[in-house]
Amino acid sequence: GEGGEGEGAVATDKGALAEAELKQRLRELLPIISADMADDEVVNQDEGWLDEGHEWVGRQVLRVFPEAANPQSLGKITRWLPPNEETSEGALFHVVHDDGDAEDLELGEAEAALEDVGFFEDDEDEAMSE
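Residues numbered from 1 in each chain as written. Predicted model: local features only at pLDDT ≥ 70, side-chain atom pairs only at ≥ 80, totals over all residues. Heavy atoms only, no water.

Q: When you look at the overall build of the protein in this model, what are you seeing that I'm missing?
A: On a plain count of helices and strands, the protein comes out with two helices and four strands. When the helices and strands of the protein are read in sequence order from the N terminus, they spell out α-β-β-β-β-α. Split into buried and exposed, the 130 residues of the protein put 15% on the buried side. Residue pairs at least 24 apart in sequence account for 42% of intrachain contacts in the protein once pairs closer than 6 positions are excluded. Summing over all exposed atoms, the protein offers an accessible surface of approximately 9,800 Å²; the carbon and sulfur share of this is 51%. (Helix = DSSP H or I, 4+ residues; strand = E, 2+ residues; numbered from the N terminus. Buried < 20%, exposed > 50% of the residue type's maximum accessible area, 1.4 Å probe, protein only. Contact = heavy atoms within 4.5 Å. Areas by Shrake-Rupley, 256 points an atom, 1.4 Å probe, with all protein chains shown as cover.)

Q: I keep staring at the packing of aromatic side chains and nothing clicks. Help me out?
A: The geometry of an aromatic ring pair comes down to the distance between the two centres and the angle between the two planes. A complete count under the given rule lists two aromatic pairs for this structure. Summarising the aromatic geometry, the rings of Trp-56 and Phe-93 are spaced 4.9 Å apart at their centres and angled 45° between planes, so their arrangement reads as tilted. Taken as a pair, Trp-56 in the loop between helix 1 (4-40) and strand 1 (60-64) and Phe-93 in strand 3 (residues 92-97) lie far apart in primary sequence, 37 residues in all. Phe-93 sits in the buried class, given a relative accessible area of 0%. On the basis of an interplanar angle of 15° and a centroid distance of 6.1 Å, the ring pair of Trp-80 and Phe-93 is categorised as stacked. Of the two residues, Trp-80 is situated in strand 2 (residues 72-81) and Phe-93 in strand 3; the sequence distance between them amounts to 13 residues. Each residue in the set Trp-56, Trp-80 and Phe-93 is aromatic and connected to the rest through ring pairs, giving one cluster. Over the ring of Trp-49 we find Arg-79, and its NZ or CZ is 5.1 Å from the ring centre. (Phe/Tyr/Trp six-rings, centres within 6.5 Å; stacked < 30°, edge-to-face > 60°. Lys NZ or Arg CZ within 6 Å of the ring centre and 35° of its normal.)

By themselves, these observations are geometric and do not establish any function.
If you want it as structure tokens, here you go:
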């Protein structure tokens, strides 16, 4: 059994290399795949999403799009996807806007949208009390 370990190590390197190549190829394909997926609204997008278990679910948010014709969009966080340890992806928050649009926000974006709606609501309150 001379050099048995060495061969094993080479095999793992090859495996790691193949995985790296696969990931690289996936990165190149992902935008294309994502575009396709958006077209046929895949069902398993719902996998792992929870409609409870986070204090932000059900909270109103305000998204600000400075470039857009309608720069402010009120919406509501309807569900969230907990962080994925394996892929080290952070939590996502699914927002359904009052105008019917929907999007998934990362933690920082959701936080900002929650803060923005706070300012927005303060403005509203002040307008009401005058």
